[in-house]
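Listed below, chain by chain, are the residues.
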Number of protein chains: 2
Amino acid sequence: MCHITFLAEEDMSFTPPVKLIKFLIEHSIDLDSILGMPIFEGVNMDLIGDVLSAASNFSQNKWAPLNWSGDQNPAKLIDGQVISSPGFKEAYKDFVDAEWLSIATSTEVGGMGLPQVIKVGTDEMFYAANMALGLCPMLTSSAVKAILAHAESSIRNKYLPKMVCGEWTGAMCLTEPQAGSDLGPVRTKAVDNGDGTYSITGQKIYITWGDHDVADNIIHLVLARLPDAPLGSKGISLFLCPKFMVDEKGELGSKNSFSAIGLEHKLGIHGSPTCVMEFSSAKGWLIGEVNQGLSCMFTMMNEARLFVGVQGVAIGERAYQAALQYSNDRVQGRTISGKDAIIGHPDIRRSLMDMKVKLLGARAVCLAAAAAGDIASHSTDEDIRKNAHVREALLTPIAKSYGSDIGVEVSSIGLQVHGGMGFVEETGAAQHYRDSRIAPIYEGTNGIQAIDLVGRKLRRDGGSGMHALIVDLKKIYDLANESSYNLTDCSSALKEGIQTLERATDIILQADEIDALSSATPYLNIVASVISGAFIIKAVVNGAIVGDENTDNMLSLCRYHAKSIMPMAKNSIEFLSSPNKLVFDFPMEQLADL
Amino acid sequence: MCHITFLAEEDMSFTPPVKLIKFLIEHSIDLDSILGMPIFEGVNMDLIGDVLSAASNFSQNKWAPLNWSGDQNPAKLIDGQVISSPGFKEAYKDFVDAEWLSIATSTEVGGMGLPQVIKVGTDEMFYAANMALGLCPMLTSSAVKAILAHAESSIRNKYLPKMVCGEWTGAMCLTEPQAGSDLGPVRTKAVDNGDGTYSITGQKIYITWGDHDVADNIIHLVLARLPDAPLGSKGISLFLCPKFMVDEKGELGSKNSFSAIGLEHKLGIHGSPTCVMEFSSAKGWLIGEVNQGLSCMFTMMNEARLFVGVQGVAIGERAYQAALQYSNDRVQGRTISGKDAIIGHPDIRRSLMDMKVKLLGARAVCLAAAAAGDIASHSTDEDIRKNAHVREALLTPIAKSYGSDIGVEVSSIGLQVHGGMGFVEETGAAQHYRDSRIAPIYEGTNGIQAIDLVGRKLRRDGGSGMHALIVDLKKIYDLANESSYNLTDCSSALKEGIQTLERATDIILQADEIDALSSATPYLNIVASVISGAFIIKAVVNGAIVGDENTDNMLSLCRYHAKSIMPMAKNSIEFLSSPNKLVFDFPMEQLADL
């Protein structure tokens, strides 16, 4: 393909919105409750600001410049070894050297021990800079968490130190062609060797960073079935298979008998090698109890899902920054608002505001989920821990699906702002549109998130977790009413939103299973549009109280949300009156035509 | 890239929903008024049914099988000549031989003379089968229309016969790097040779099918500026430049001095060569008056915009059919509705209904615009023609933007239904997501459509065109109330929708320019969500009157629309209370952060 040289090379630099992220961390969550816990002694806003600034510098200087080249030069499989995109090895090493991987991992195993809410802020920047590369440490984090929670101490001692710092990476081998969203049908076999090890045989697909050359060893966690195991999901165990054997001194030995036999040709995140892995009597060690593999995996599911939501926000933010830059540079047509570039066109300016506010709301939901997680993990009060755990579990599917949906939507608007230049690959706008599309799919499709929300998180506990959230939303409403700031527009939108949410929650709680499942996604959308607005209002109120200089700008964004996103709840609730009928009345056999 | 052989090769066949399209043509528009016009004597539903069936056969057998291969094997530029994707030349010849190109072109110049509404039906199938290839005849149609309207008879006689049948194709050379949405800054120069010809020199970008090998000659219509022309859009003239010169006998002679010097590397429609064209003293003939080039181009703008809306529906329909097939085949997880495949999951079934209903509404809007166009062009009554022209002008930006937006949205849902398989390119779901994304951009971005709607189409005539449409919507409401069918849900949604639309229209009519422009897109969305529902209700009412056996199914879709799409109008109107403030309050210089 001829490169069109007269199209100016777009400046693909990226600067994260540090002030905005900091504002949300400081004002949209109960940061004092988090920092007041003994484990976070010494952590304060100054430190948080320093960490965020450092992450911003790192992401824009080290990772962002490789995002486009990684897209254009995907990982390759050569002689059974995956060769990563040019520059990725060095960029990953920089990340490890800067100790970004484990900032929220316990100090006991070598992490930095900061709250998860900070990691939400820093990881957003890394994903925005280079999502494909960012998946490598993400998978490592997940593996670390599972090993930490379930492995014997000998295994932990052997693998964790190198994984926590990122010298070795982790990979999760779950999916098989017939076992994706439902892992019950996993067929990969494990045979007990009688010496404390197992032989693993089978094929796994969609293995993110399943093989690569950016680190010396890759520690795979593999779901497999023992010969006498029960059928379905209750017969699956979890095994650890290192790419290279590790001896007692921690030295690397021979290669284990598994390897990547294929790479997927994907729509996006080309820099992330998605492998087909073939295990041929690979040596593995059991993690956790026999047949408890799925529940071991679910240990790190909340965290993984939350960070997929963050990925959506991240790609959206990068798309937004690119669109903003383009609209400040591109001159086209007569504008009416005193600026020659297309940002002077009201519809372009509206598009930018739309992107910015959608991202803000989704980001606030992610932070709220992370904050609940911090308290659930570290509060010294058992009741508080328990309630926070319920809150984390409730918010996680919303953070995952809303963040990832917004990522796709905002990337699409970003491409649109570029006009024809968005459809040609040179600007990078199309890459964000392609990359963002994975987030609503992996770690449980957004449909599964919605089902999780209405099933496990709402109906199973009779709605008590949601009712507690609604109580908190009402507190935010009261705070908004008492605020010296003029929040009338926002608080009246919130009031209506809360009423809609209460009505919708009652309907779902009283519904048949099929009605509840038919309206799961519309219900999730109601919750997301209301709580995202509420958390922004909370940030404005708190910002106003301490006189944060950025509060006026946050108020503008808050008002936009109140007039464009919060009202969407009213729309979605119409669907809840007769969902089963709406979804199932049209005969299934005739869906192809009429 | 290794192809993952154990992933079953997806069956990428495609069968268009002929019954559904036929139902809409028969019942959602005033077909009798169209067929009652003298020019369409002899056209009846039997003929329409035959044409639609033939188009369906052609599209699924001849064009659909090349869609994926065209994506994977884009056109190439070799030694200044574009070589089309494998098979495209033959597939295009089949299209010409079957005489599909000019079914709605006047019989006087060799067309078939059928109503535009039928072409909307057939072209949807062709675009769905192969949008990249379908763009070639689309551009030819546009060029034919411009030549027919503005060229001298010698030019018409020389070029039209070969173009109407498609033996030669057309291309539109408008855009330059600095002149896209706004063509005023066009710099390409035209110099009068004094012998009735002009010399054209300059560079054009984004030229769809600007060069190729599927036909013997390509007739370019080129916007250029004469030396003494006024600045801006009032100084642009239109010229015809054939790729090969044509002598008096119609024989092809020497090559004209312009050629493709580059092909864009695009997100989608890879099979459609998007060329950079370099004109170096190319020989051209003036079309229309000097300096009237832009208004000549606008002659065919309504038609081109309408058919971009149709493209959105088309790609969406193909994505829908693929998702439907996948959800009938893929088994995953325990379902609760008596079917093992994932279509048994309520959220998947809801996703399919959502896609189907969205497409239905957008299709109905496209048909309504086409119907108005048929009457505007052919009624024997001047008043009727005039009113129909206003209606066509009003509906066109909505058809274009709503159809293309829905195309993107539905393709995205289709990809989502495929889960992980949607993100790998093998299934083709990702291709639809990529291909659909161009439609909101070209032929005037959807933002420009919204501005066109509130400016030229609404405020310029004081709202009289929109008020006439609202009168018709009220008639549909009355019909729904009188219907023997139970349309209560739908008619009450329509009632509320009409009220919202009236309120929104009043607001826009009374607004400042900056308020009107700031809320152009939300206003367009209000109109689209209301009228799409109204036209479906009309189809149900009319289907019920004649006892069409498919009316019950249409009613199910109509109800789904009433509960999920029509209510969106209420959401969008909130924005209209203070749009300028919402859009402009946040300081422009701080948009990058806070």
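Residues numbered from 1 in each chain as written. Chains lettered and ligands numbered in written order. Predicted model: local features only at pLDDT ≥ 70, side-chain atom pairs only at ≥ 80, totals over all residues.

A. Broad picture of the overall build of chain A. Scanning chain A from N- to C-terminus turns up 21 helices and 11 strands. Principal-axis analysis of the C-alpha atoms gives chain A an extent of 70 × 65 × 60 Å. Taken over 594 residues, chain A has a buried fraction of 61%. Considering only residue pairs separated by 6 or more positions, chain A has 77% of its internal contacts joining residues 24 or more positions apart. (Helix = DSSP H or I, 4+ residues; strand = E, 2+ residues; numbered from the N terminus. Buried ≥ 20, exposed ≤ 12 C-beta atoms within 10 Å, placed from the backbone. Contact = placed C-beta atoms within 7 Å.)

B. Region of interest: the nonpolar core. Among the nonpolar cores identified, the biggest contains 408 residues, and Val365 of chain A together with Val365 of chain B are the most heavily contacted of them. Not counting residues up to four positions away in its chain, the partners in contact with valine 365 of chain B are Leu395, Ile398, Ala399, Tyr402, Gly403, Ala528, Ile531, Ser532 and Phe535 of chain B. (Core = buried A, V, L, I, M, F, W, Y, C linked by C-beta atoms within 7 Å.)

C. Examining the domain arrangement of chain A more closely. Taken domain by domain, chain A holds domain 1 (170-292), domain 2 (300-444) and domain 3 (461-584). Just the C-alpha atoms count here: the centres of domain 1 of chain A and domain 3 of chain A sit 42 Å apart. (Domains from an automatic or database assignment.)

D. Examining the pairing of strand β4 (residues 189-192) of chain A more closely. All names here are of chain A. Bridge analysis of β4 against strand β5 (residues 198-208) gives four bridges, and the strand direction is antiparallel. Paired with valine 191 across the two strands is serine 199, which belongs to β5. Where β4 hands over to β5, the hairpin turn is made up of five residues, of which glycine 194 adopts a positive phi near 80°. (Pairing = 2+ DSSP bridges.)

E. Seen up close, unusual backbone geometry. All names here are of chain A. Its identity is not glycine, yet glutamate 443 carries a phi of approximately 60°, on the positive side. As for its position among the elements, glutamate 443 is in the loop between α13 (429-436) and α14 (446-459). The class of glutamate 443 is buried, set by 24 C-beta atoms lying within 10 Å.

F. Fine view of the interface of chain B and chain A. Residue-level contacts link 95 residues of chain B with 95 residues of chain A. Class assignment for the residues of the side of chain B that touches chain A results in 52 nonpolar, 25 polar and 18 charged. (Nonpolar A, V, L, I, M, F, W, Y, C, P; charged D, E, K, R; others polar.)

G. Broad picture of the relation of the copies chain B and chain A. The two copies are related by a screw operation: chain B maps onto chain A through 180° of rotation and 0.0 Å of translation along the axis, at an RMSD of 0.0 Å. In short, the pair behaves as if placed about a two-fold rotation axis. Every residue of chain B has its C-alpha some distance from the rotation axis, and the shortest such distance is that of asparagine 571 of chain B, at 3.3 Å. Residue by residue, 100% of the interface of chain B is reproduced at the interface of chain A, so both copies engage with the same surface. (Least-squares fit on C-alpha atoms with pLDDT ≥ 70 in both.)

H. Seen up close, the packing of helix α3 (residues 45-63) of chain A against helix α6 (residues 116-150) of chain A. Residues and elements named next belong to chain A. Packing of α3 against α6 leaves a shortest axis separation of 9 Å and a crossing angle of 0°. Looking at the two axes, α3 sits roughly parallel to α6. On α6, the residues touching Ile48, Val51, Leu52, Ala55, Ser56, Ser59, Gln60 and Trp63 of α3 are Ile118, Gly121, Thr122, Met125, Phe126, Ala128, Ala129, Asn130 and Leu133. Residue composition of the contact of α3 with α6, grouped by class: 11 nonpolar, six polar and no charged. (Axes fitted to C-alpha atoms, helices over the stretch in contact; angles between N-to-C directions. Parallel < 35°, antiparallel > 145°, perpendicular 65-115°, else oblique.)

I. Focus on the environment of serine 141 of chain A. One can find serine 141 of chain A in helix α6. The exposure class of serine 141 of chain A is buried, given the 26 C-beta atoms found within 10 Å.

J. Inspection of α6 of chain A at higher detail. Residues and elements named next belong to chain A. Its 35 residues give α6 an end-to-end C-alpha distance of only 21 Å, which falls more than 12% under 51 Å, the value for a rise of 1.5 Å per residue. Along α6, the largest kink reaches about 125° and is centred on asparagine 130. Of all 35 residues that make up α6, 32 are buried, and the element is covered over most of its length. (Expected span 1.5 Å × (residues − 1). Bend = angle between axes of the 7 residues up to and from the residue.)

K. View of α13 of chain A. Residues and elements named next belong to chain A. Counting buried positions along α13 yields eight of eight residues, so the element is predominantly enclosed. Looking only at α13, the buried set comprises Ala429, Ala430, Gln431, His432, Tyr433, Arg434, Asp435 and Ser436. Lining the buried residues of α13 we find α4 (67-72), α6, α9 (301-329), α11 (382-417) and α12 (420-423).

L. Region of the structure containing the confidence of the model for chain A. Residue and element names in this part refer to chain A. Looking at chain A, pLDDT values average 96 and 98% of them are 70 or higher. Here residues 1-10 scores under 50 on pLDDT; set against residues more than four positions off or in separate chains, the count is 14 contacts. Overall fold confidence (pTM) sits at 0.97, and the ipTM for the predicted complex is 0.97. (pLDDT = per-residue confidence, 0-100.)

M. Broad picture of the environment of tryptophan 285 of chain A. Within the secondary structure, tryptophan 285 of chain A sits in strand β11 (residues 274-287). Apart from the residues within four sequence positions on either side, tryptophan 285 of chain A is in contact with Ile155, Thr197, Phe239 and Leu240 of chain A.

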